[in-house]
Every structure is written in structure tokens, then in C-alpha cells.
Amino acid sequence: MSYATLYRNLPPVVLASASPRRAQLLHEMGIAFEVFVPRIDERSIKAPSNVLARVLAEEKCLSAQNTHPSAANKLFVAADTIVLLDGKRANQAKDFLRQLAGRRHEVYTGVALRINKEVSAFQTLTTVSFAKLTEREIDYYVTTAAPLDKAGAYGIQEWIGLIGIERIEGSYSNVMGLPTADLHRALLNFGCDCNTQMLRNSMPE
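Residues numbered from 1 in each chain as written. Predicted model: local features only at pLDDT ≥ 70, side-chain atom pairs only at ≥ 80, totals over all residues. Heavy atoms only, no water.

1. Focus on the packing of aromatic side chains
Within this structure, the stated rule accounts for two aromatic pairs. Ring centres 4.7 Å apart and planes at 70° place the aromatic pair Tyr140 and Trp159 in the edge-to-face group. Residue Tyr140 is found in helix α4 (residues 135–144), and its partner Trp159 is found in helix α5 (residues 159–164); the two are separated by 19 residues along the sequence. Trp159 sits in the partly exposed class, given a relative accessible area of 32%. (Phe/Tyr/Trp six-rings, centres within 6.5 Å; stacked < 30°, edge-to-face > 60°. Helix = DSSP H or I, 4+ residues; strand = E, 2+ residues; numbered from the N terminus. Buried < 20%, exposed > 50% of the residue type's maximum accessible area, 1.4 Å probe, protein only.)

Structural data, given as C-alpha cells:
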């Protein structure tokens, strides 16, 4: 594919994530990038649940920058997605899907950007409403997909999303793992002006 000219002024972009879904979304946005996977122990990072996604994204971004063999003047982008139901994160896939069924839950994705010593981060929230799911539907999904590699033990773009999600409030791509509209605005400000203060002011709350 040809890369979007809107992003022609960006410095070289490094996606600090092993997620194929984030790479797919960034590719579909028309952004050229390389992948460099950070190494952090997520269990050791403590933060309130409602800001944890942003904190984890910041830590991933810093780790990638610190360990990349040629990090100077490159724009590192990292993200982390968590699903909360009654303030609790996903555990076992079947159990969590049973709890999600017939209820609303919150999906937070934190995104961090770093270039040299400049850093900014934001977090996007989407609310998702699931239909009631039968045990047969849950069993089918868990046995035919790989739900535990996904936040909340499901992929909105997969079969369970097609048959189980009744309503979303907010960004669809955020539930996939990368809020592309918010990231687009952040990247444009960063690439066109390289003005970190503008970037911070443009970030969604």
C-alpha cells in the first residue's frame, strides 16, 4: 500500500507492541513503522484501574526507547488495553465472558508517544454492551478463538463481537486495541509542528 501523505513529516515511527491488531490498525491508517517489542513486567506496575492502561503504555514506551539499538530521533508509540467490569480486570476467559454477558463494561486504551526526551500520553474510553450469551455460544468462541491474548477475553472484530455486542459508545478501534482517531490527531500535531505542548493540549481527557 502507499503510505498516507498526511504523515510525511513524521519522524520514523516505532510501534512498541507485539499486538498484530495494533500493527494492522497502524498499517491501515497508512503509517510506515517498524515493530520493536518492549520487555516489562506488567504485574509489577501498580496504578488505579481507571488510569492503569495509560501508565502501562507509558512504561512500555519508555522500555522500548531505552532498549532500542538506535532510538535517537525516532517516535515510539505504545498502547495498552484493559477491560473493566465492576472495576475488575479479565481473568479466565469463560468466567469473564459469562460475567460480561447481558451487561455493559468499559474498555480503556492508554497510548504513549516518545521522541528523545519528549513524551505525551492519553487514554480513551469506550463502553460496550453485550447481549446475553448462552453457554454454548461461550464454549464455541473459547474453543475456536484465542481469547486470552485479548483484553477482556474477546475480540470485538471476531465472531463473538458479531453475534454478541449490541451497542458501543465511543471508538470501535479502541476496543480492538488502538484508538485510531485520537492517535491520528496526536500524530498530526506531532509530525507537522513537533510541538509537544500542542500535543499535550490536543489530547483527549
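2. A short note on the packing of helix α3 (residues 93–100) against α4
Close contact between α3 and α4 brings their axes to 10 Å; oriented N to C, the two are set at 140°. Considering their axes alone, α3 and α4 lie oblique with respect to each other. In terms of crossing hand, the pair formed by α3 and α4 is right-handed. Every residue of α4 that contacts α3 at Ala93, Lys94, Leu97 and Arg98 is listed here: Glu135, Ile138, Asp139, Tyr141 and Val142. For the contact of α3 with α4, a count of residues per class yields five nonpolar, no polar and four charged. (Axes fitted to C-alpha atoms, helices over the stretch in contact; angles between N-to-C directions. Parallel < 35°, antiparallel > 145°, perpendicular 65-115°, else oblique. Left-handed = near helix turned anticlockwise from the far one by under 90°. Contact = heavy atoms within 4.5 Å. Nonpolar A, V, L, I, M, F, W, Y, C, P; charged D, E, K, R; others polar.)

3. Overview of the nonpolar core
Grouped together as the largest cluster of nonpolar side chains are 38 residues, with contacts concentrated most on Leu75, Val111, Leu113, Tyr154, Leu183 and Leu187. Beyond its immediate sequence surroundings of up to four residues, Val111 is in contact with Ala57, Val77, Ala78, Ala79, Ser120, Ala121, Phe122, Leu178, Pro179 and Leu183. Core analysis: the next-biggest nonpolar cluster, separate from the first, contains nine residues, Ala16, Ala57, Cys61 and Ala71 among them. (Core = buried A, V, L, I, M, F, W, Y, C linked by side-chain atoms within 4.5 Å.)

4. Observations regarding the environment of Arg89
Mapped onto the elements, Arg89 comes out in the loop between β3 (75–84) and α3. Take Arg89: its relative accessible area is 41%, and that puts it in the partly exposed class. Separated by 40 residues in the primary sequence, Arg89 and Ser49 have C-alpha atoms spaced 8.3 Å apart. Every residue in contact with Arg89, bar those within four places of it in the chain, is listed here: Leu52, Ile82, Val83, Leu84 and Phe96.

5. Section: the sheet that holds strand β6 (residues 165–169)
Here we have six strands laid out as an open sheet, ordered β2-β1-β3-β4-β5-β6, and mixed in their pairing. In this open sheet, the two strands that pair with only one neighbour each are β2 (33–35) and β6. Taken over all neighbouring pairs, the strand axes of this sheet differ in orientation by 25° on average, direction set aside. Pairing of β3 with strand β4 (residues 104–115), which is carried by nine bridges, proceeds in the antiparallel orientation. Looking at the pairing, Ala78 lines up with Ala112 of β4. (Pairing = 2+ DSSP bridges.)

6. Considerations on the environment of Ala18
Residue placement: Ala18 occurs in the loop between β1 (13–15) and α1 (20–28). For Ala18, a relative accessible area of 59% gives the class exposed. Expressed as a C-alpha distance, the spacing of Ala18 and Pro38, which sit 20 residues apart in the sequence, is 8.3 Å.

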